[in-house]
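What the coordinates show
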Amino acid sequence: MNHFLMCEPKFFEVRYVINPWMEGNLGRVDRELAQRQWENLHGIVARLASVSLIETVAGLPDMTFTANAGLVHVGEDGKKQCIVSSFRHAERQPEARFFETFFSAHGYRVQHLAPDTIFEGAGDALFDSQGRLWVGSGIRSDSHALGEIIDVLRVEAMGLELINPHWYHLDTAFCPLPQGQALAYDKAFSRKSVEILKHAFGENIIWVSEQDARNFACNAINIGQRIILHRASPELKSALAQRGFEVIEADVSEFLKAGGACKCLTLEI
Ligand code: ARG
């Protein structure tokens, strides 16, 4: 059974601007609506998987985006490791020690990259169905994080270069799916990275429209044949249905104001 880590948005708000979605949204989050949207998402995920919660901390409004807690890897021997994040922006840096405490208390071997390497966890590192790790860099995580991750986890990993500030984390523009499939938004990536994705996934990648990308359709939670996302166009829904996926929409409009959606609000552990 899949297992996710979530964090209640008790202190969630847009209090600073560290990505373009947050611009113009300072103080504009409807907290009660955010809480209801999160509870709805939590309910959907909890019906399909198990969910653990980490205690939310006052003064850390983005802590609800647990995708950025770290990169979790469970080896073939069952050994659980977590490379904890080292955030680019001072506003999020204090989150790291709370996530680290959670992982060490839950039996994970906690790993760190080099002291000055920026790496924002599962926001920028996603395993595909073949066990290959895709690591995004260029906006948040450093490109040299890739080599360090390979050294720590001993997995096959490929780098992708993000070039568009609106799609600042890999999980805003790329979502690996079962059976070698994936969703992606091409304008988020350098030309070379688009070629790498085309080469690796061929016909099995669905390139989403700008409108779907703006609705964070790539920021999707995948549980078996189900895909949980904020919103998808009829075209995208039918493309996914043809491939045997069921789309579940969970409105997370308040979280879009901070530049995050469904997948960012969870971390598979
Ligand atoms: N406001 C947060 C930030 O800019 C949103 C994080 C969204 N997380 C993600 N994995 N894409 O860091």
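Refer to the structure printed above.
This is a predicted model, so every value here is computed, not measured. (Residues numbered from 1 in each chain as written. Predicted model: local features only at pLDDT ≥ 70, side-chain atom pairs only at ≥ 80, totals over all residues. Heavy atoms only, no water.)

Our focus in this paragraph is the overall build of the protein. Helix and strand content of the protein: 7 helices and 15 strands. Against the globule reference of 18 Å for 269 residues, the protein gives a C-alpha radius of gyration of 17 Å, in line with a compact fold. Residue burial in the protein is summarised as follows: out of 269 residues, 57% are buried. For the protein, the accessible surface area stands at approximately 11,300 Å², while carbon and sulfur atoms represent 48% of it. Taking the average location of the 26 positive side-chain charges in the protein and that of its 34 negative ones, the two points are 1 Å from each other. (Helix = DSSP H or I, 4+ residues; strand = E, 2+ residues; numbered from the N terminus. Rg over C-alpha atoms; globule rule 2.2 N^0.38 Å. Buried < 20%, exposed > 50% of the residue type's maximum accessible area, 1.4 Å probe, protein only. Areas by Shrake-Rupley, 256 points an atom, 1.4 Å probe, with all protein chains shown as cover. Lys, Arg positive; Asp, Glu negative; His and termini not counted. Charge placed at Lys NZ, Arg CZ, Asp CG, Glu CD.)

This next bit is on the sheet that holds strand 11 (residues 205-207). Across the sheet, which stays open at both edges, the 3 strands sit in the order 9-10-11 with mixed pairing between neighbours. Two strands bound the open sheet, and with one partner strand each, they are strand 9 (174-177) and strand 11. Averaged over all pairs of adjacent strands, the angle between strand axes in this sheet comes to 15°, irrespective of strand direction. Direction of pairing for strand 10 (residues 181-184) relative to strand 11: parallel, over a ladder of 3 bridges. Opposite Leu183, over in strand 11, you have Ile206 as the bridge partner. (Pairing = 2+ DSSP bridges. Axes fitted to C-alpha atoms, helices over the stretch in contact; angles between N-to-C directions.)

What follows is about the environment of Ile223. Residue position: Ile223 is located in strand 12 (residues 221-223). Residue class for Ile223 comes out buried when judged on its relative accessible area of 7%. Separated by 30 residues in the primary sequence, Ile223 and Ser253 have C-alpha atoms spaced 22 Å apart. What Ile223 contacts, discounting residues up to four positions off in sequence, is Asn2, Phe4, Val45, Leu48, Ala49 and Ile228. (Contact = heavy atoms within 4.5 Å.)

Let's shift gears to the site of the ligand. Near the ligand you find 17 residues, and of these Asn19, Arg92, Arg140, Asp171 and Ala258 are the closest. Asn19 is positioned with one of its side-chain polar atoms (N or O) 2.8 Å from an oxygen atom of the ligand. Interatomic distance of 2.9 Å between a side-chain N/O atom of Asn68 and a nitrogen atom of the ligand. For the ligand, the protein covers 100% of the area, taking 350 Å² as the surface of the free molecule. (Near = heavy atom within 4 Å. Polar contact = N/O pair within 3.5 Å; in protein donor to acceptor, adjacent residues only side chain to side chain.)

The next point concerns the sheet that holds strand 12. The strand order across the open sheet formed by 3 strands is 12-13-14, and the pairing between neighbours is mixed. Only two strands of the sheet have a single partner each, and these edge strands are strand 12 and strand 14 (246-249). For this sheet the average axis-to-axis angle between neighbouring strands, irrespective of direction, equals 25°. Note that strand 13 (residues 226-229) and strand 14 share 4 bridges and pair parallel.

The next point concerns the environment of Leu113. For Leu113, the position within the fold is in the loop between strand 5 (109-111) and strand 6 (125-127). Take Leu113: its relative accessible area is 12%, and that puts it in the buried class. Put simply, Leu113 and Ser86 are 27 residues apart on the chain and 8.2 Å apart in space, counted from C-alpha to C-alpha. Contact partners of Leu113, with chain neighbours within four places excluded, come to Ile83, Phe119, Ala145, Glu148, Ile149 and Val152.

Along strand 7 (residues 133-137), 5 of the 5 residues are buried, which leaves the element largely enclosed by surrounding structure. Covered by surrounding structure in strand 7 are Leu133, Val135 and Ser137 together with Trp134 and Gly136, the residues of both alternating faces. Remark: 5 residues form the turn of the hairpin made by strand 6 and strand 7, two consecutive strands paired antiparallel; Gly131 in that turn has positive phi of roughly 85°. Summarising the sheet, strand 7 and strand 8 (residues 157-161) pair through 5 bridges and their orientation is parallel. When the sheet's bridge partners are listed, Leu133 is paired in strand 8 with Ala157. Taken together, strand 7, helix 3 (residues 145-153) and strand 8 constitute a β-α-β crossover, and its handedness is right-handed. (Right-handed = clockwise from strand over helix to strand, strands pointing away.)

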